[in-house]
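Next come the chains, spelled out residue by residue.
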Amino acid sequence: MKMSQMHQETALSRCPNCEEPLESGDLFCGACGYDLSVVPAPPEDHPTIAMTVPVEGGAPGGTAASGPGAPTAAASGSVEWSAAPVAGRSEPPAPGSAPVHAPAGVRFDGPNASGPGLSSGPGSGPGDFELAAPVAPDPRTSAGAAFPEAALTPPDGTKLCVACRAGHVDPDGYCENCGHAQPRERDHMEQELGSVAAVSDRGLRHHRNEDSFAVSTTALPDGSPAVVAIVCDGVSSASRPDEASAAAAIAANESLLESLPRGAHPQQAMHEAIVAAAESVNSLAHDDGRAQEHDPHHHQNAPACTLVGAVMAAGLLVVGWVGDSRVYWVPDDRTTPPARLTEDDSWAAQMVATGLMNEAEAYADERAHAITGWLGADAYELEPHTASFKPDRPGLVVVCTDGLWNYAESAAEMAAVVPPDAHERPLHGAQVLVGHALDGGGHDNVTVALLPFAVPPQGAGSAYSTA
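Residues numbered from 1 in each chain as written. Predicted model: local features only at pLDDT ≥ 70, side-chain atom pairs only at ≥ 80, totals over all residues. Heavy atoms only, no water.

Chemist: Tell me what's going on with the overall build of the chain, and back it up with residues and numbers.
Modeler: Assigned secondary structure in the chain consists of 10 helices and 17 strands. For the chain, buried positions account for 40% of its 467 residues. Summarising the internal contacts of the chain: among those between residues at least 6 apart in sequence, 64% fall at separations of at least 24. Surface exposure of the chain reaches about 24,100 Å², of which carbon and sulfur atoms provide 54%. (Helix = DSSP H or I, 4+ residues; strand = E, 2+ residues; numbered from the N terminus. Buried < 20%, exposed > 50% of the residue type's maximum accessible area, 1.4 Å probe, protein only. Contact = heavy atoms within 4.5 Å. Areas by Shrake-Rupley, 256 points an atom, 1.4 Å probe, with all protein chains shown as cover.)

Below, the structure is given as structure tokens:
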């Protein structure tokens, strides 16, 4: 038996790999099989572990730690932190910019991708390792005490980890403190703008968020306000659906912001906005720089998405759509009935409209959600739908993708899940509705925009027209 092994019999009480208790004389861990003979004998005095620290000019035989906040060893054997600023907390993310939750999967890429458990030491041969340096102290607890100013005031432009809220994020999107991969910006988006708010979430099953939205406000020529909400749902079976939905939402919103202030009727402005969105999505089929027509072996569906939008202006509520995203009307007075203001471009809706099936039969069919209208270069024909309403009482306009209405399909079901105070707190209401879809299973991306419509009660009935 080697001397190092003899010393270990009394020195080691737990496996350094899995922390299982050891018995005197063990050469291998009974739980994980770890070879205890490779663990170096501890020194006789106060034990220290060599911190792989940066040394001026480099340290022979060692690996230098890099990055801000790397620890340095003091003469007494304790660990001190460099003066590089270390953030201890972050401000809440700006609406629509920073994601709220971390993704389900966590990756550890970079230098430690093979596993941070072992590192080579000086004079090591094949199969001869030392224990790696322990993880640096959590900046939220240690650095804040040593450098409270740095902990409370991160440098301008610093991007902090959404998991530990302390480490800096490297250019590859990983936290330098805890190693967490940062969620993509579109995984969860929120925006509140005056009397309109929207929330979009990746859901629990999709690997990315293919929905998009745009909310905005402007003024009509007479100075009265106009409020806009556009919601788009990328067609997953097409290529680049996330780009399609983003392009459509941006184009439709910009078109409305250009036409409404110059006096266009809101219903005509909505029609023009849908046409502009379609043209923007069509252009994606030709902007990738690849001549698909010269590659007979490469087939790719054109980018595609659906669109639904609402405009509140001059006492009118105008909606427009192509596809199966919807608009619901939920009166503030819940004793009056809610209503769905759009008709799906879908197989199920077509079966009901032609009288071949009733609604229950059609939506129970596996083909129910096959869409018959969308925006994209491979769409059969663009047929924008628009409708104009004049509500006679205050209420809430719910603009959403099927990621939400799949869990509250009828108008009554949607009204039942809308919070009673959503007209006063539209962002909170949108968050609750997204949460309802996630609680129901979150099988799809979920996007919803809420527009409170405030008018004084004037009596029964409402006027509307469709085109």
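Chemist: Which residues make up the sheet that holds strand β6 (residues 196-201), and what values go with them?
Modeler: The 6 strands lie next to each other as β5-β6-β16-β15-β11-β12, forming an open sheet whose pairing is antiparallel. Looking at strand neighbours, the two that pair on one side only are β5 (188-193) and β12 (339-340), the edges of this open sheet. (Pairing = 2+ DSSP bridges.)

Chemist: Before we move on, could you go through the state of the cysteines and cite the residues and values that matter?
Modeler: For the coordinates displayed, the defined rule picks out 0 disulfides. Of all cysteine sulfurs, the one in cysteine 175 lies closest to cysteine 178, which takes part in no disulfide; the gap is 3.7 Å. A disulfide-free cysteine, cysteine 232 has its sulfur positioned 4.8 Å from the sulfur of cysteine 305, the nearest such atom. Overall, cysteine 232 belongs to the buried group, its relative accessible area being 0%. (Disulfide = S-S within 2.5 Å.)

Chemist: Just give me the short version of the environment of alanine 370, but keep the residues and values in it.
Modeler: Counting through the fold element by element, alanine 370 comes out in the loop between α7 (359-364) and β13 (375-376). Given a relative accessible area of 39%, alanine 370 falls into the partly exposed group. Measuring from C-alpha to C-alpha, the distance between alanine 370 and aspartate 324 comes to 9.1 Å, with 46 residues separating the pair along the chain. If sequence neighbours within four positions are ignored, alanine 370 has contacts with Asp345, Ser346 and Trp347.

Chemist: Go over the pattern of salt bridges, please, and point to the residues and values.
Modeler: The final tally for this structure, using the stated rule, is 11 salt bridges. A salt bridge links aspartate 392 to arginine 393, with the shortest nitrogen-to-oxygen separation between them at 2.7 Å. Accessibility expressed as a relative area gives 9% for aspartate 392, which makes it buried. Between aspartate 421 and arginine 425 there is a salt bridge; the shortest N-O distance is 3.0 Å. Classification of arginine 425 by relative accessible area gives partly exposed; the value is 41%. Through salt bridges with shared partners, a single ionic network connects Arg208, Glu210 and Asp242. (Salt bridge = Lys/Arg side-chain N within 4 Å of Asp/Glu carboxyl O.)

Chemist: Could you give me a rundown of unusual backbone geometry, with the residues and numbers involved?
Modeler: One can expect most non-glycine residues to show negative phi and most peptide bonds to be in trans. Its identity as a non-glycine residue notwithstanding, arginine 240 has a phi of 50°, on the positive side. Mapped onto the secondary structure, arginine 240 falls in the loop between β8 (225-234) and α4 (241-259). Of note in this structure, alanine 314 is not a glycine but carries a positive phi near 55°. Along the chain, the position of alanine 314 falls in the loop between β9 (304-313) and β10 (316-322).

Chemist: Any chance you could break down the packing of aromatic side chains for me, citing the residues and the numbers?
Modeler: Taken as a whole and assessed by the stated rule, the structure comprises 2 aromatic pairs. With 6.1 Å between their ring centres and 75° between their planes, tryptophan 329 and phenylalanine 453 make a pair best called edge-to-face. Here tryptophan 329 is found in strand β11 (residues 326-331), whereas its partner phenylalanine 453 is found in strand β16 (residues 446-453), with 124 residues between them in sequence. Judged by relative accessible area, which is 11%, tryptophan 329 ranks as buried. Overall, phenylalanine 453 belongs to the buried group, its relative accessible area being 5%. Across from the ring centre of tryptophan 405, 3.4 Å away, lies the NZ or CZ of arginine 326, which sits over that ring. (Phe/Tyr/Trp six-rings, centres within 6.5 Å; stacked < 30°, edge-to-face > 60°. Lys NZ or Arg CZ within 6 Å of the ring centre and 35° of its normal.)

Chemist: Explain the confidence of the model for the chain to me, and be specific about the residues and the numbers.
Modeler: For the chain, the mean per-residue pLDDT works out to 74, and 63% of the residues sit at or above 70. Model confidence for the chain, summarised as mean pLDDT per element, is weakest for strand β3 (residues 118-119) at 30 and strongest for strand β15 (residues 395-400) at 98. Contacts of residues 42-152 to residues separated by more than four positions or lying in other chains number 137 contacts, the stretch itself having pLDDT below 50. (pLDDT = per-residue confidence, 0-100.)

Chemist: Give me the lowdown on the pairing of β11, citing residues and values where you can.
Modeler: Within β11, 6 of the 6 residues are buried, which leaves it mostly tucked inside the rest of the structure. Side-chain alternation along β11 places Arg326, Tyr328 and Val330 on one buried face and Val327, Trp329 and Pro331 on a second face that is also buried. Pairing geometry for β11 and β12, over 2 bridges, is antiparallel. If you follow tyrosine 328 over to β12, its bridge partner there is arginine 340.

Chemist: Outline helix α5 (residues 266-284), supporting the account with residue identities and numerical values.
Modeler: Between its first and last C-alpha atoms α5 spans 27 Å; for 19 residues at 1.5 Å apiece the expected length is 27 Å, and the two agree. Within the span of α5, buried status applies to Pro266, Gln267, Ala269, Met270, Ala273, Ile274, Ala277, Ala278, Ser280, Val281 and Leu284. (Expected span 1.5 Å × (residues − 1).)

Chemist: Lay out the environment of valine 196 with the relevant residues and their values.
Modeler: Summarising the element assignment, valine 196 is placed in strand β6. Given a relative accessible area of 0%, valine 196 falls into the buried group. Separated by 201 residues in sequence, valine 196 and valine 397 have C-alpha atoms that sit 9.6 Å apart. If sequence neighbours within four positions are ignored, valine 196 has contacts with Gln191, Val215, Val227, Val228, Ala229, Leu450 and Leu451.

Chemist: Give me the environment of valine 434: which residues, what numbers.
Modeler: Checked against the element boundaries, valine 434 lands in helix α10 (residues 426-439). Given the relative accessible area of 3%, valine 434 is considered buried. In the structure, valine 434 is positioned 12 residues away from valine 446 in sequence and 6.3 Å away in space, judged by C-alpha atoms. If sequence neighbours within four positions are ignored, valine 434 has contacts with Val199, Asp201, Val446 and Val448.

Chemist: Give me the side chain of aspartate 402: which residues, what numbers.
Modeler: Here aspartate 402 is to be found in helix α8 (residues 402-405). Nearest to the buried, unbridged aspartate 402 among oppositely charged side chains is arginine 326, at 8.6 Å. Excluding residues within four positions of it along the chain, aspartate 402 makes contact with Asp233, Asp324, Ser325 and Asp444. (Lys, Arg positive; Asp, Glu negative; His and termini not counted.)

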